[in-house]
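Here are the chains, one letter per residue:
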Amino acid sequence: MEQTAKLIVDGKTYEFPLLKGSEGEQAIDISLLRSRTGLVTYDPGYANTGSCKSSITFMDGEKGILRYRGIPVEQLAEHSTFVETAYLLINGNLPDRKQLTRFSVMLNDHSLVHEDMREFFQHFPRRAHPMGILSSMVNALRFFYPELPDQDEEINITTTRLLSKVRTMAAMSYKISRGHRVVYPRPDLLYAANFLNMMFDSPVLPYRLDPEVVHALNVFWILHADHEQNSSTAAVRLVGSSRVNLYAAISAGINALWGPLHGGANQAVVEMLTRIQESGGDPAPFVARAKDKNDSFRLMGFGHRVYKTYDPRAKIMKRVCDQVLARLRVKDPLLDIARRLEETALKDSYFIDHYLYPNVDFYSGIVLRAMGIPLNMFTVMFAIGRLPGWITQWKESIDDPEGKLHRPRQVYTGETKRDFVPLEER
Ligand code: CMC
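Residues numbered from 1 in each chain as written. Predicted model: local features only at pLDDT ≥ 70, side-chain atom pairs only at ≥ 80, totals over all residues. Heavy atoms only, no water.

### Concerning the site of the ligand
In the region of the ligand, 22 residues are neighbours, and His-262, Leu-299, Gly-301, Arg-305 and His-354 sit closest. At a separation of 2.9 Å, a nitrogen atom of the ligand approaches a polar backbone atom of Phe-302. With respect to the ligand, the side chain of Asn-359 contributes an N or O atom lying 2.9 Å from an oxygen atom. In isolation the ligand exposes 940 Å². Once the protein is present, 75% of that is buried. Class assignment of the residues belonging to the shell around the ligand gives a composition of 10 nonpolar, 7 polar and 5 charged. (Near = heavy atom within 4 Å. Polar contact = N/O pair within 3.5 Å; in protein donor to acceptor, adjacent residues only side chain to side chain. Areas by Shrake-Rupley, 256 points an atom, 1.4 Å probe, with all protein chains shown as cover. Nonpolar A, V, L, I, M, F, W, Y, C, P; charged D, E, K, R; others polar.)

### Some points on the sheet that holds strand 4 (residues 57-60)
Spatial ordering of the open sheet is given by 4-5-6, a layout of 3 strands whose pairing is antiparallel. Where the open sheet ends on each side, the last strands, each with one partner, are strand 4 and strand 6 (71-72). Note that strand 4 and strand 5 (residues 65-68) share 4 bridges and pair antiparallel. The partner of Phe-58 across the bridge, within strand 5, is Arg-67. (Pairing = 2+ DSSP bridges. Helix = DSSP H or I, 4+ residues; strand = E, 2+ residues; numbered from the N terminus.)

### Some details on the packing of helix 10 (residues 231-240) against helix 18 (residues 378-399)
Following both chains from N to C, one finds helix 10 and helix 18 inclined at 40°, their axes separated by 9 Å at the closest point. The two elements helix 10 and helix 18 meet at a crossing, and its hand is right-handed. Every residue of helix 18 that contacts helix 10 at Ser-232, Thr-233, Val-236, Arg-237 and Gly-240 is listed here: Arg-386, Trp-390, Gln-393, Trp-394, Glu-396, Ser-397 and Ile-398. Class assignment for the residues of the contact of helix 10 with helix 18 results in 4 nonpolar, 5 polar and 3 charged. (Axes fitted to C-alpha atoms, helices over the stretch in contact; angles between N-to-C directions. Left-handed = near helix turned anticlockwise from the far one by under 90°. Contact = heavy atoms within 4.5 Å.)

Put into structure tokens, the structure is as follows:
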């Protein structure tokens, strides 16, 4: 028998179906709420709203669980590569050897960026933030690669183009911002190694690839690959629901990610740790400020809408951080400050009572710094990682037979009807 939830309004009872997900979580299907009752729901920030059914990523915020297509992120971080994980997300299952090779070859084939696009980079102001540049460039890709008539082919090629070219464009923008010669992708290098080479190889100092650093970058991207209905993914789905092209939808996701409450937190964490260092290295005053309700300051890299325990990605990132710094023999004073800050906050009743733990961004910036990635590129690194998730979620929403134009309602609180007053009478 179908389970239902009852809603009583003015003594009248309405029943709505209960939905059950494959991991047992339940939701009330209120899709007929307004037509049956005249009511809408009020849910700021959509904290209680399931906007879709999805079979891509499972999170349990209370237990600290994250799985892509059923596979725990810990296992993927240990055994997989970013490209394989991207394939898993996009296609639903892990590839066999032939499928993986074919996918890698396609990523290589599409890795070049139209030479005219280089011109664009040259004309952004030097201080332009790379996230703004990236979202503009991704939007512009549509004009260089017009739509194909076959829809399946269009989606496959656009997916491959995005995964491959965004990585090339990110490295290109870095080289151009430094006034250096652009390094092209190499067919003999795999995805992450190719990116590092495009970023750091130079005619006067050839870049030496270190397999441990390449592995760390793969793990970094795997940890960011999807996170169900987060702000940027919700933006991609919302913008995509108007049936705009995929490039434009992804460009919207990049802009949502840029903000410091979302992906921009990885840059904000390092800026915060630097401020602590400059003020003498004691995290206590910063913890006190984060607790002060009259101060808008928050501990960056702490807290999460879904996780009410330690972010499982942060645990892995912390381990990777120790490994990369040891491997590269980097002694980063910000790591000591981060550890002290974490220790101070986790002992504090405010953070305990509010379930505030380090999230993925808390240690990731220190990993990126050690690799030589500049601070203003940190969120771009997150964006490259999140691409497979955005693309997969967009595809799922487009294929969803229940999918609709996203168009929330509101509770209007403005003036009621009043008449226009001519200028001379005001
Ligand atoms: N420092 C101090 N207090 C905090 C923090 C923080 N980082 N995060 C939440 N709180 C407090 C907040 O003041 C509020 O307190 P009260 O109930 O007493 O008024 C309570 O916790 C709930 O906060 P909220 O803003 O309603 O919760 P949310 O679910 O909207 O916030 C968040 C999630 C990520 C926006 C928030 O925790 C935050 O601003 N964190 C810092 C930014 C950050 O690290 N973002 C990266 C998130 S992980 C990467 C990603 O997936 O984007």
